[in-house]
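The residues making up each chain are set out below.
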Amino acid sequence: MGDTQGLREPPLELASVTDHWVIGPLHFYDVLVLLLVAVFTVGLFVVGPPLFLDDFYHMGVAQEVYTFGFVPTWDFWGFVPVGRPHLYPPLFHVVMALFMKFSGGDVFFAARVFKVITYPLLVFCFWYSTKGLAGRKAAFYSTIALASIFPLLVLSYIIMPASLVLALTCLLFLTFTKKKLLYSIILMALMLWLHLSLPILIIIALFAFSLLRRKEGYLKFFLKVFVASALIYSPWLIHVAANIDWLSSAGLPVELFVPFIVWALGLPAFVLSFRYYKADYFIYTLYAFALIPLFSGYGVRFWVYLAIPLSFFVGITLSRHIGSRNGKWRAAKMILILLLAASALTVTPAIGGATPVQQGIIPYPNNSFSFLPSPFLQLLLWPPQSRSMITLDIFPLYLASGWIRVNTQPFQPICYIGLSSTDAAVITAFTGRPTTGGMWLEVMNPLTQIVSQLYTLKYGTVYVVGPPFKAPPASIPSTLVADFGPIKIFVRT
């Protein structure tokens, strides 16, 4: 094994011939990573990932911001007539609204921009951070490891501000450890304005790092960054604090996701990192522990997000702990690198699979052994029927939304009757109209749902009916005005 003397950090391995292979201002390893980022960007642009799950909520909010020209603090477009506080940090929706303005009000254009750029941005920021903290070789190996995590691709092409926070976190770790004050403040403030809870975990990791390195002035530096970014975020923080009673846990499934190669190569350096807690890259060790609170409410995301710090330590293991100065373990190291590269290009053995939903795929592991496609292979073999934002399963709702846009007023409430928890959000996403349903489980008050149902029975005028129902309740006098297969539209008579 490689030499690991000293408490600051283990030494880099001897430079190889490839270390001196430079193309322009970039190293050969850097060029390979940037090519990989470009491949992911082009691949996502070509396949045009379909819409599902969180996409509809965020598109709906962006519709309202675009319509009003400002950020409403009350979500009146969901669970009509009461609604609920709008507590989701608005930066993401504001940017989506700007893209809508740029494209003439096209919410699909705005959605596609983020579905295409988020994953490549995450890979790029991760590589850049790792390169700054551990060197270009480690960054190359770590990025290849990250590029084998299929569920991370899925969580990135679903519209989730949390995925952008993951990307910014990597940059923040680099700027913070290098004591770049202005950059650190900007990055932390952006994260706070993007997501409600995930930035808090990142701040905890930075605080723990600062305590460990307080003799070097990091604690004082942390306070400057935290106070400044909190002041920037304070307007929305006050709004959230005033409505904190509305928030609750989402209670998503607690399932395993263990990609064997990433864990096998990442754990050795992760464990050894406790010997080198004075090294800057120890921040990624603290990052892994800071994610633990996700386990209780977002079990699936916890396991997927944990792959990020573990991927970071894959690079540390291969560049600093395997392959000594006298040539030992070189053959074993080469085999491991080839296995890692193969997993990034083909399939990765893992505990946990992926469940198809709405012509797409969501990363809900099933606790069984499986071979998951790498992001590269998934993009290469993308199903032809899913190469569109509007897939067959939501096409009837798309048609119904077209009818609604033509035949209803801009703020006329639409009553949804059906068992789907997302169909009402789809209507808002496609039309901007308020509905009697809604998403985002973290702000779900049973009283508002009851009042919405009473409104549906007594005062609704337009009814979108979905499976398993065929018509509104008999107590509602109504007439069928449009039939789109499983989705039908009735109006009160």
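A quick note: this is a predicted structure, and the numbers were derived from the prediction, not measured.

Trainee: Help me understand the pairing of strand S6 (residues 347–351), please; the structure alone is not making it clear to me.
Mentor: Look at any regular strand and the pattern is simple: side chains alternate between the two faces of the sheet. Sheet topology places strand S5 (residues 258–259) next to S6; two bridges connect them, and they run antiparallel. By the bridge assignment for S6, Val-258 is matched with Ile-351. Here five bridges tie S6 to strand S9 (residues 369–373), and the two strands are oriented antiparallel to one another. Across the sheet, residue Val-347 finds its bridge partner in S9, namely Pro-373.

Trainee: Before we go on, may I ask you to explain the pattern of salt bridges in this structure?
Mentor: Should their charged atoms come close, side chains of opposite charge can pair. In this structure the tally under the stated criterion is nine salt bridges. A salt bridge links Asp-30 to Arg-136, with the nearest nitrogen and oxygen atoms 3.6 Å apart. Taken together, the residues span a long stretch of sequence, with Asp-30 in helix H1 (residues 28–47) and Arg-136 in helix H5 (residues 136–146) at a distance of 106 residues. We classify Asp-30 as buried; its relative accessible area is 0%. Arg-213 serves as the salt-bridge partner of Asp-280, at 3.1 Å between the closest nitrogen and oxygen. Placement of the pair is Asp-280 in the loop between helix H11 (260–272) and helix H12 (282–290) and Arg-213 in the loop between helix H9 (198–212) and helix H10 (218–242), with a sequence separation of 67 residues. The two residues Asp-280 and Arg-213 agree in class, both being buried. Each of Lys-178, Arg-213, Glu-216 and Asp-280 takes part in one network of salt bridges that share partners.

Trainee: Would you mind showing me how to read the sheet that holds strand S13 (residues 487–492) here?
Mentor: Strand order in the open sheet formed by four strands is S10-S11-S13-S12, with mixed pairing between adjacent strands. Where the open sheet ends on each side, the last strands, each with one partner, are strand S10 (414–417) and strand S12 (478–484). Direction aside, neighbouring strands of the sheet carry axes that sit 25 degrees apart on average. Where strand S11 (residues 462–465) meets S13, four bridges bridge the pair, whose relative direction is antiparallel. Across the sheet, residue Val-464 finds its bridge partner in S13, namely Ile-489. Against the sheet, helix H17 (residues 395–407) contacts S10, S11, S12 and S13, and its axis sits at roughly 30 degrees relative to S13.

Trainee: Which parts of the structure should I look at to understand the side chain of Thr-348?
Mentor: Mapped onto the fold, Thr-348 is located in strand S6. What makes Thr-348 buried here is its relative accessible area of 2%. From its side chain, Thr-348 meets the backbone oxygen of Ser-148 in a polar contact 3.2 Å long. Within the structure, Thr-348 has its side chain in polar contact with the backbone oxygen of Ser-343 (distance 3.3 Å). Setting aside residues no more than four positions away along its own chain, Thr-348 makes contact with Ser-148, Pro-259, Ser-343, Ser-370, Phe-371 and Leu-372.

Trainee: Whenever I open this one, the packing of aromatic side chains confuses me. Can you help?
Mentor: For any two aromatic rings, the description comes down to two numbers: the centre-to-centre distance and the angle of the planes. Throughout the structure, instances matching the rule amount to 53 aromatic pairs. Taken together, a centroid distance of 5.0 Å and an interplanar angle of 85 degrees make the contact between Phe-76 and Trp-77 edge-to-face. Joined through ring pairs, the aromatic side chains of Phe-173, Phe-270, Phe-274, Tyr-281, Phe-282, Tyr-284, Tyr-287, Phe-289, Phe-312 and Phe-313 make up one cluster. Positioned above the aromatic ring of Phe-52 is the side chain of Lys-115, whose terminal nitrogen or guanidinium carbon lies 5.6 Å from the ring centre. Here the basic side chain of Lys-179 rests over the ring of Tyr-218, its NZ or CZ set 4.6 Å away from the ring centre.

Trainee: Honestly, the packing of H12 against helix H14 (residues 299–321) in this entry has me stumped. Any pointers?
Mentor: Between two packed helices, both the angle of their axes relative to each other and the distance between the axes serve to describe the pair. The geometry of H12 relative to H14 is characterised by a closest axis approach of 9 Å and an angle of 155 degrees between their N-to-C directions. In terms of orientation, H12 lies roughly antiparallel with respect to H14. When the axes of H12 and H14 are compared, the crossing they make is left-handed. Between H12 and H14, the residues in contact are Tyr-284, Thr-285, Tyr-287 and Ala-288 and Leu-306, Ile-308, Pro-309, Phe-312 and Phe-313, respectively.

Trainee: Any chance you could explain the packing of helix H7 (residues 161–177) against helix H8 (residues 181–194) here in plain terms?
Mentor: At a minimum axis separation of 9 Å, H7 and H8 run at an interaxial angle of 160 degrees. On the basis of the axis angle, H7 is roughly antiparallel to H8. In terms of crossing hand, the pair formed by H7 and H8 is left-handed. For the pair formed by H7 and H8, the contact residues are Pro-161, Leu-164, Val-165, Leu-168, Thr-169, Leu-171, Leu-172, Thr-175 and Phe-176 on the first element and Tyr-183, Ser-184, Leu-187, Met-188, Leu-190, Met-191 and Leu-194 on the second. Taken together, the residues that form the contact of H7 with H8 break down as 13 nonpolar, three polar and no charged.

Trainee: Is there a simple way to explain the sheet that holds S9 in this structure?
Mentor: Each strand in a sheet pairs with its neighbour through backbone hydrogen bonds, running either in the same direction (parallel) or in the opposite one (antiparallel). Here three strands make up an open sheet; going across it, the order is S5-S6-S9 and the pairing antiparallel. Among the strands making up the open sheet, the edge pair consists of S5 and S9.

Trainee: In this structure, what is going on with the side chain of Ser-319? I would like to understand it.
Mentor: Considering the arrangement of structural elements, one finds Ser-319 in helix H14. One polar contact links the side chain of Ser-319 to the main-chain carbonyl oxygen of Gly-315, over a distance of 2.6 Å.

Trainee: Can you help me understand a nonpolar patch on the surface in this one?
Mentor: Together, Phe-260, Val-347, Phe-369 and Phe-371 line one region of the surface with nonpolar side chains, adding up to about 380 Å² of accessible area. As for its placement among the helices and strands, Val-347 is situated in strand S6.

Trainee: What's the story with H9 in this structure? I'm lost.
Mentor: For an α-helix, 3.6 residues make a turn, and residues three or four places apart therefore share a direction. Relative to the 21 Å expected for 15 residues at 1.5 Å per residue, H9 spans 22 Å between its end C-alpha atoms, a close match to the ideal helical length. Residues of H9 that are buried sit in contact with H7, H8, H10, H12, helix H13 (294–297) and H14.

The rules behind the values
Residues numbered from 1 in each chain as written. Predicted model: local features only at pLDDT ≥ 70, side-chain atom pairs only at ≥ 80, totals over all residues. Heavy atoms only, no water. Pairing = 2+ DSSP bridges. Helix = DSSP H or I, 4+ residues; strand = E, 2+ residues; numbered from the N terminus. Salt bridge = Lys/Arg side-chain N within 4 Å of Asp/Glu carboxyl O. Buried < 20%, exposed > 50% of the residue type's maximum accessible area, 1.4 Å probe, protein only. Axes fitted to C-alpha atoms, helices over the stretch in contact; angles between N-to-C directions. Contact = heavy atoms within 4.5 Å. Polar contact = N/O pair within 3.5 Å; in protein donor to acceptor, adjacent residues only side chain to side chain. Phe/Tyr/Trp six-rings, centres within 6.5 Å; stacked < 30°, edge-to-face > 60°. Lys NZ or Arg CZ within 6 Å of the ring centre and 35° of its normal. Parallel < 35°, antiparallel > 145°, perpendicular 65-115°, else oblique. Left-handed = near helix turned anticlockwise from the far one by under 90°. Nonpolar A, V, L, I, M, F, W, Y, C, P; charged D, E, K, R; others polar. Patch = residues over 30% accessible without salt bridge, like charges linked within 9 Å, V, L, I, M, F, W, Y side chains within 5 Å. Areas by Shrake-Rupley, 256 points an atom, 1.4 Å probe, with all protein chains shown as cover. Expected span 1.5 Å × (residues − 1).

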